[in-house]
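So you can see what is in the structure, the chains are spelled out below.
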Amino acid sequence: MRFLDHIQDSLARHVAAGLLRRPRTVTGPQGPVITVDGRTAICLCSNNYLGLADHPAIAAAAQVALGHLGYGAAASRHISGTMDLHRVAEARLARFVQQPRALLFSTGYAANTGAVQAITGPDAQIFSDELNHASLIDGCRLSRAQVHVYRHRDPGHLEQLLVRQRRAGVPALILTESVFSMDGDLAPLVVLRQLADRFGCGLVVDEAHALGVLGPSGRGLAARDGIIPDLLIGTLGKAFGTAGAFVAGPDDTVRLIENRARSYIFSTAPSPSLAAAALAAADLVEHADDRRATVLRHSERLRRELRALDYRVLDGETPVLPVIIGAPDATMILSARLLDLGVFAHGIRPPTVPAGTSRLRITPMATHSDEHVDAALAAFRAAREQAR
Ligand SMILES: *Cc1c(COP(=O)(O)O)cnc(C)c1O
């Protein structure tokens, strides 16, 4: 077999399993209504919860930085790539999550793989929620630590594992998302904090889908629940509407990550315009109580009315509404039908979610109007009727 034959074999297996991904193309800005593959549609599948991705104040801040500094950061942070705007953004983000220090990364994927690898190692133990994001799982793999996976949001199971497996004297982490990306449910952070303290573990919380949306001034679920993680990870590509990510924690923890995270050290620093955008976004997010209330109101209504239309929507209190379909093909057919009806709700399939739970992950935005939600629900009703 030639090399290309192996490639074609692998692709054919993807196609046969209904798992081939072919992203649609958006023309124009990321707003509540977008043009996707040339068609106008209400966007119900972005992570742009607060509708800030096309906010003029963020674009203006990035443009000012671009005008003064150009685009490139020219090197990794440890060589000549650390610019004053990176430092200013880090101080601002640390203040936002009320942690002593923060460190900027180019992406959340890099932050998670780098941070987990940096603060553990082959001698460590990691207790990890079974639905954690791929980037956290890859961080565990890179660390070569001993990984114990506990059942999703099940502190009883975690406690059993800690009692049986926790080895005294070795470093250990409990690793969780706060709002789970694909199910939209919440980690029991207060109990996780107690277990971490009792068993001498660090608690690492990925707030990707909570930051900007939950908690006082959008500070996240840890802030809402009144607990302090040993390391908080925030992404800037979701509610913040920009790109990049940060880790935040005590000075020594962040300094170790700065010195050991391979995705941080061996990577060009983020553009200074990204740091400028993050700064502008932090100011907007902090004062976005109206937007938070609107997106949560739309979420609550969609959850209730989609259920009334006989869709299977998982429980929750966040703007992530998983509409479970099951088979990947059926999921993509429904998604295509909805696009014909003017709603963009992309299908989510394995390996992003467990087999048999392919779904539409519905996410409203603060910038949707009540009329957008009306129209979206009408499309879901029509799609349901077409399927009968
Ligand atoms: C999106 C996401 C990430 C990755 O962040 P990017 O900035 O998009 O790379 C990490 N963790 C969770 C839970 C996410 O949903």
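Structure: see above.
Residues numbered from 1 in each chain as written. Predicted model: local features only at pLDDT ≥ 70, side-chain atom pairs only at ≥ 80, totals over all residues. Heavy atoms only, no water.

## Quick word on the side chain of Thr318
On the secondary structure map, Thr318 appears in the loop between helix H13 (289–308) and strand S11 (321–326). For Thr318, a relative accessible area of 1% translates into the label buried. Contacts of Thr318, omitting those with residues within four sequence positions, involve Val179, Gly184, Leu186, Leu214, Leu296, Ser299 and Arg303. (Helix = DSSP H or I, 4+ residues; strand = E, 2+ residues; numbered from the N terminus. Buried < 20%, exposed > 50% of the residue type's maximum accessible area, 1.4 Å probe, protein only. Contact = heavy atoms within 4.5 Å.)

## Points about the site of the ligand
Around the ligand, a shell composed of 14 residues is seen, among which Gly108, Tyr109, Asp206, His209 and Lys238 lie nearest. Taking Lys238, its side chain carries an N or O atom lying 2.8 Å from an oxygen atom of the ligand. If the ligand stood free it would expose 380 Å²; the protein chains cover 82% of that surface. Counting residues per element, the shell around the ligand draws most heavily on helix H5 (residues 108–119), at 3 residues. Residue composition of the shell around the ligand, grouped by class: 2 nonpolar, 9 polar and 3 charged. (Near = heavy atom within 4 Å. Polar contact = N/O pair within 3.5 Å; in protein donor to acceptor, adjacent residues only side chain to side chain. Areas by Shrake-Rupley, 256 points an atom, 1.4 Å probe, with all protein chains shown as cover. Nonpolar A, V, L, I, M, F, W, Y, C, P; charged D, E, K, R; others polar.)

## Quick notes on the environment of Ser263
Locating Ser263 in the fold gives a position in helix H11 (residues 262–265). With a relative accessible area of 23%, Ser263 lands in the partly exposed category. A C-alpha to C-alpha distance of 12 Å links Ser263 and His78, two positions 185 residues apart in sequence. Residues within four places of Ser263 in sequence aside, it is in contact with Phe105, Ala110, Thr113 and Gly114.

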